[in-house]
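Residues per chain are reported as follows:
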Amino acid sequence: MCGIVGYIGPQEKKKILLDGLQELEYRGYDSAGIAVIADGKPEHFKAVGKLKNLREKAADFRSEGPGVAIGHTRWATHGKPTELNAHPHIGAFSYVVHNGIIENYQALKKELESEGVRFLSQTDTETIVHLFEQKIKEGLEPFDAFRATIDRLEGAYAILLISKVAPETIFFAKNGSPLLIAFDGEEIYFASSDTAVIGKAKEAYYLEDGEYGYARPGEVKLFGPGGEKPISTQPLSVDKAMAQKDGYRFFMEKEIYEQSTVISDTMLGRILEDRVEFEELDPELFEGIDAIKICACGTSYHAGLTGAYLLERMAKIPSQVEIASEFRYKDPLLSPRTLFVTISQSGETADTLEALKMAKRAGLKSLSICNVDNSSIVRESDAAILTRAGIEKGVASTKAFATQVMVLWMLTLYLGRRNATMTPETIAHELEAMRHAPRALLVEEKLHERIHRLSKRYLHGHGFFYIGRDLFYPLALEGALKLKEISYLHAEGYPAGEMKHGPIALADAELFTIALMPKTLLYDKIKSNVEELSARDATILAISPEAFELADDFIRTEEADHPMLEFFEMMVVTQLLALEISIRLGNDVDMPRNLAKSVTVE
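A. Structural context of the pattern of salt bridges. Throughout the structure, instances matching the rule amount to 31 salt bridges. For arginine 313, the salt bridge identified is with aspartate 470, shortest N-O distance 2.4 Å. Of this pair, arginine 313 sits in helix α8 (residues 298-315) while aspartate 470 is found in the loop between β21 (463-468) and α16 (472-487), placing the two residues 157 residues apart along the sequence. For aspartate 470, a relative accessible area of 14% translates into the label buried. Across the pair aspartate 351 and arginine 328 runs a salt bridge whose closest N-O atoms are separated by 2.9 Å. Highlighted residues: aspartate 351 in helix α10 (residues 350-361) and arginine 328 in the loop between α9 (324-327) and β18 (338-344), separated in sequence by 23 residues. Each member of the pair, aspartate 351 as well as arginine 328, carries the same accessibility label: buried. Each of Lys15, Asp19 and Arg55 takes part in salt bridges that share partners, so that together they form one network.

B. Here's a closer look at the sheet that holds strand β9 (residues 180-184). With antiparallel pairing, eight strands are arranged side by side in an open sheet as β3-β2-β4-β1-β10-β9-β11-β15. Each end of this open sheet is capped by a strand with a single partner; those strands are β3 (41-48) and β15 (234-235). Here four bridges tie strand β1 (residues 3-8) to strand β10 (residues 187-191), and the two strands are oriented antiparallel to one another. Across the sheet, glycine 6 pairs through a bridge with phenylalanine 190, a residue of β10.

C. Region of the structure containing the pairing of strand β16 (residues 291-296). Counted residue by residue, β16 has six buried out of six residues, so it is predominantly covered. Inspection of the sheet shows β16 paired to β18 by five bridges, in the parallel sense. Within β18, the residue paired with lysine 293 across the bridge is phenylalanine 340. Traced from β16 through α8 to strand β17 (residues 319-323), the parallel crossover comes out right-handed.

D. View of the nonpolar core. In terms of nonpolar packing, the biggest core is built from 91 residues, with Leu281, Trp409, Met434, Phe464 and Phe568 touching the most fellow members. For this core, the leading source of residues is helix α18 (residues 563-584), giving 13 residues. If we skip the residues at most four places from it in the chain, methionine 434 touches Met267, Ile271, Val276, Met406, Trp409, Met410 and Leu413.

E. Quick look at the packing of aromatic side chains. Under the definition given, this model contains 22 aromatic pairs. Judged by centre distance (5.5 Å) and plane angle (25°), the ring pair of phenylalanine 146 and phenylalanine 171 falls under stacked. Remark: phenylalanine 171 occurs in strand β8 (residues 166-175) and phenylalanine 146 occurs in helix α5 (residues 142-151); sequence separation between them is 25 residues. Since its relative accessible area comes to 0%, phenylalanine 146 is described here as buried. With relative accessibility at 2%, the residue phenylalanine 171 sits in the buried group. Ring geometry for tryptophan 409 against phenylalanine 568: centres 6.4 Å apart, planes inclined by 40°, an arrangement best described as tilted. Of this pair, tryptophan 409 sits in helix α12 (residues 399-418) while phenylalanine 568 sits in helix α18, placing them 159 residues apart in sequence. Of the residues examined, tryptophan 409 reaches a relative accessible area of 0% and is grouped as buried. Here phenylalanine 568 falls in the buried class, since its relative accessible area comes to 0%. Among the aromatic residues, those joined into a ring-pair cluster are Phe132, Phe143, Phe146, Phe171, Tyr212, Tyr214 and Phe223.

F. The arrangement of the side chain of threonine 169 in detail. Relative to the elements of secondary structure, threonine 169 occurs in strand β8. Taking the relative accessible area as the measure of exposure, threonine 169 reaches 6% and is therefore buried. Every residue in contact with threonine 169, bar those within four places of it in the chain, is listed here: Val68, Leu161, Ile162, Tyr214, Ala215 and Arg216.

G. Representation of the pairing of β9 in the model. Summarising burial for β9: four of the five residues are buried, a large majority. Sheet analysis places β9 next to β10, joined by five bridges and oriented antiparallel. Within β10, the residue paired with phenylalanine 183 across the bridge is isoleucine 188. Following β9, the chain reverses through two residues before pairing antiparallel with β10; glycine 185 in that reversal takes a positive phi of roughly 65°. As paired strands, β9 and strand β11 (residues 203-206) are joined by four bridges and run antiparallel to one another. What sits directly across from alanine 182, in β11, is alanine 204.

The rules behind these values
- Residues numbered from 1 in each chain as written.
- Predicted model: local features only at pLDDT ≥ 70, side-chain atom pairs only at ≥ 80, totals over all residues.
- Heavy atoms only, no water.
- Salt bridge = Lys/Arg side-chain N within 4 Å of Asp/Glu carboxyl O.
- Helix = DSSP H or I, 4+ residues; strand = E, 2+ residues; numbered from the N terminus.
- Buried < 20%, exposed > 50% of the residue type's maximum accessible area, 1.4 Å probe, protein only.
- Pairing = 2+ DSSP bridges.
- Right-handed = clockwise from strand over helix to strand, strands pointing away.
- Core = buried A, V, L, I, M, F, W, Y, C linked by side-chain atoms within 4.5 Å.
- Contact = heavy atoms within 4.5 Å.
- Phe/Tyr/Trp six-rings, centres within 6.5 Å; stacked < 30°, edge-to-face > 60°.

What follows is the structure in structure tokens.
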């Protein structure tokens, strides 16, 4: 979820790059950098942290006159936020910026190192510039070298590359990460989002996956799998705020729609043909471990509850989940044979960080699941798995939750194989389901429209029950939390079987029950629980692939052959329901009252 800009033209290039990166800083603020070739002379600057650090570093640099320039603001996926890991990445005579993840970078890096190439960074991106330069040394012309380079890449990428061997040219390629070319007369701009070029260019072309080419003053050549292609531009938007949201009404809505893409990023390079692999984990981390304790707050706690079901059922590891704010004060019994797992979107959650420090003082090994590299929790942990969700601007978490759950599912398979508690056949079945998860997270237009129409019936009453069983109990908790956070309506998540142990006393026509009714897990049991509520006149909204005749409202989900695929699809439904109810109530969905994105105080 990084930001890219590029420019070909006579204007002051540093200013154009920095202004463009400023518009994209919401996409990444670990580090930033620029590279310019003007009058044949290359120059580059990098800085860690906010963009102002880069502005200060390049304050005395000027780059008027003909030339090319590229820039990048980074959200770390491989390698910590350092100047060496910041983009642009540098070869002997070339520079590259890249969004996405090169899935086969380790194999490429080994190959290049065997040929004497020396790597400076820990990133996947650096392989691109070295591979390009190797092709040049083999005698290929610059564009042929670039084409041969992208032919070797697997994964997701948006790439801009400049080189002294073609000092008036920017080479570009797109696959799975956004990239556009914008025009204003003879001037040519590149960006990963049109916010960076609004006010500078008048029209743009949005690249499709598999497209690549080169640009130089007055000329752009575009190619696809079938050869050279025409460029058909369209007018640029003039609303920067809306452009940041890619046309969605709220960042939360955009982030719900992004979940299918970001979960693919979460899996990239980790789901192999026959197993899950985490290159960032030392297998010794799990030596002598016979239990797992998960500690988190809020949405991350719900992800942890989901993970505990998976870990115990499939990996056969006793797993306990703790609310971090309570854990700190309960004088817990901690065994050094327990792996302490913390989950946090920001990596700065105060209660979770203090719980981690307690566990470390007690001698426990620690693993964090986090979205922010180099955050406090990541630095404090023995090991970390990054969720790769990108920056989440909506306060109510959506894609962070989805990616946390996916990491826990993958960790289950990793440990199940390591500890031989899962057969190869079971692992193969789980991997196949994982590969279908991005499809389960796609938002169908007719589904969203159905939820929009239904939402007007759920604006009153005295509360909501979200109910589910097994894996769907944590999802019921999360669904209720989403509604509370942004609509300010009272909602509670319950295990469906607990209704008769007290909560059913509240049931009447003004109590809305959101029933999560998967076909793959305990369907008959939850059906019976919902029937009990219906008999007490509760208003039922059933979410299921199978019609339920007693439901007052029904949202049909797709048939699936794995509970986790149903889980992810129902998760999207609950997120959209909360969104649409909140919008109807006139609330600010992205900045709900009384809440902050990261809770950094106790």
